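# Coordinate analysis (summary)
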Amino acid sequence: IVFLHGWLMDAQMWPTISSPRSSHRTLFLNQPAHGPAPGPDVAWTMDDWCAWVEQQIGDIDPRELILVGHSMGGMLAQALALRRRPAALILVDTTAQPWPPEIQQSWLGLVGTVENAWSSELAAQLAPLLLGHGFLQTHPAWLESWVTRVAAWSRRGMMNLAHAAATRPDISTAVAAIGVPTLVIHGQADAAIPHVLGEDLAQRTGGELLSLPDVGHCVPLEAPEIFATTLQRFVASL
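## Some thoughts on the side chain of D93
In this fold, D93 is placed in the loop between β4 (88-92) and α3 (101-117). Buried and unpaired, D93 has R168 as its nearest opposite-charge partner, separated by 14 Å. At 2.9 Å, the side chain of D93 forms a polar contact with the backbone nitrogen of G187.

Set out below in structure tokens:
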């Protein structure tokens, strides 16, 4: 079970998850330029990013591979699934829809601001986009830790990685052909990727949809128990 986190997060965002089957092991990857993983030296395409993941996971049989992707990690999981058909997909607070040019530019501008001006003040402005109000109110120490962690990352590499997400091809029709068991989990209060896009993704993939009220863009952090038990149930049912 390979976990692919979203932008400005790292492998620490995932709750403790024990595999429901002894034949499965869990692999929590840090995305390039996030955590200790080095970032790309040049702007990447989605194909470059998929090739990087394939290098990390080695010769795992796709028929035994379960991909779990959050936000931009969910975009990556879908692209990977089109290259090598996995056993199942778990897509969290993400979308299959491409971004129009104005959203692409807005995204790259935001990443550029993070690269050049990361600070506690900027983190406080961005946090409500990435996390629900309830979590931020009850976990003030998380924000302080997050500021320190991101300050140590390769933010130039993050900009190069962001290019892959911004320019990803339109797979909104193609995802229907993946044809594997799919679970879509989406917070109803998601301010980054609206819940309606999670509904759209479940419909396009033919997947099961779990909608969580009063939860924002990062279900695994905001509702870890529900996330872990739902994932375990889904994997056990395969």
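More follows now that the structure is in view.
## Structural notes on the sheet that holds strand β3 (residues 66-70)
Spatial ordering of the open sheet is given by β2-β1-β3-β4-β5-β6, a layout of six strands whose pairing is parallel. Only two strands of the sheet have a single neighbouring strand rather than two, namely β2 (27-29) and β6 (208-212). Neighbour-to-neighbour, the strand axes of the sheet open up by a mean angle of 15°, direction not taken into account. One ladder, built from four bridges, connects β4 with strand β5 (residues 182-187); its direction is parallel. Bridge pairing in β5 links V92 to I185. Each of β1 (2-4) and β2 touches helix α1 (residues 46-57); the most contacted strand, β2, lies at about 140° to it. Set on the sheet, helix α8 (residues 195-205) makes contact with β4, β5 and β6; between it and β5 the angle comes to about 170°.

## Overview of the pattern of salt bridges
Enumeration according to the criterion identifies eight salt bridges in this entry. Between E54 and R84 there is a salt bridge, with its nearest N and O atoms 3.6 Å apart. You can see E54 sitting in helix α1 and its partner R84 sitting in the loop between α2 (72-83) and β4, a full 30 residues away along the chain.

## Notes on the nonpolar core
Within the largest apolar cluster, 82 residues are counted, with the highest numbers of intra-cluster contacts made by L8, W49, I90, W107, W118, W146 and F227. With sequence-adjacent residues up to four places away left out, W146 is seen in contact with L8, W118, A123, L126, A127 and L130.

## Some details on the packing of aromatic side chains
Within the structure shown, the criterion is met by eight aromatic pairs. Between the aromatic rings of W7 and W107, the centroid separation amounts to 4.8 Å while the plane-to-plane angle is 70°, which identifies the pairing as edge-to-face. Of this pair, W7 sits in the loop between β1 and β2 while W107 is found in helix α3, placing the two residues 100 residues apart along the sequence. The two residues W7 and W107 agree in class, both being buried. When the ring of F135 is compared with that of W142, the centres are 5.8 Å apart and the planes differ by 80°; the resulting orientation is edge-to-face. Each member of the pair, F135 as well as W142, is classed as buried. Three or more aromatic residues joined by ring pairs form one cluster here, namely F3, W14, F28 and F227.

## Quick look at the environment of R233
Mapped onto the elements, R233 comes out in helix α10 (residues 224-236). Spatially, the C-alpha atom of R233 lies 28 Å from that of L8, the residues being 225 residues apart in sequence.

## Description of the pairing of β5
Burial within β5 is extensive, with six of its six residues counted as buried. Alternating residues of β5 divide into T182, V184 and H186 and L183, I185 and G187, and every residue in both groups is buried. Alignment of β5 against β6, held across five bridges, turns out to be parallel. Bridged to V184 within β6 is L209.

## Some details on the side chain of D10
In this structure, D10 sits in the loop between β1 and β2. D10 gets classed as buried once you look at its relative accessible area, which sits at 5%. Within the structure, D10 has its side chain in polar contact with the side chain of R149 (distance 3.1 Å). Once residues lying within four places of it in the same chain are set aside, the contact partners of D10 are H5, N30, G35, R149 and W153.

## Focus: α2
With twelve residues, α2 should cover 16 Å at 1.5 Å per step; its first-to-last C-alpha distance of 17 Å lies within 8% of that length. By the criterion of burial, α2 is predominantly enclosed, with ten of the twelve residues buried. When α2 is considered as a whole, its buried residues turn out to be M72, G73, G74, M75, L76, A77, Q78, A79, L80 and A81. Where the residues of α2 are buried, they touch β1, α1, β3, β4, α7 (155-166) and α8.

The rules behind each value
Residues numbered from 1 in each chain as written. Predicted model: local features only at pLDDT ≥ 70, side-chain atom pairs only at ≥ 80, totals over all residues. Heavy atoms only, no water. Helix = DSSP H or I, 4+ residues; strand = E, 2+ residues; numbered from the N terminus. Buried < 20%, exposed > 50% of the residue type's maximum accessible area, 1.4 Å probe, protein only. Lys, Arg positive; Asp, Glu negative; His and termini not counted. Salt bridge = Lys/Arg side-chain N within 4 Å of Asp/Glu carboxyl O. Polar contact = N/O pair within 3.5 Å; in protein donor to acceptor, adjacent residues only side chain to side chain. Pairing = 2+ DSSP bridges. Axes fitted to C-alpha atoms, helices over the stretch in contact; angles between N-to-C directions. Contact = heavy atoms within 4.5 Å. Core = buried A, V, L, I, M, F, W, Y, C linked by side-chain atoms within 4.5 Å. Phe/Tyr/Trp six-rings, centres within 6.5 Å; stacked < 30°, edge-to-face > 60°. Expected span 1.5 Å × (residues − 1).

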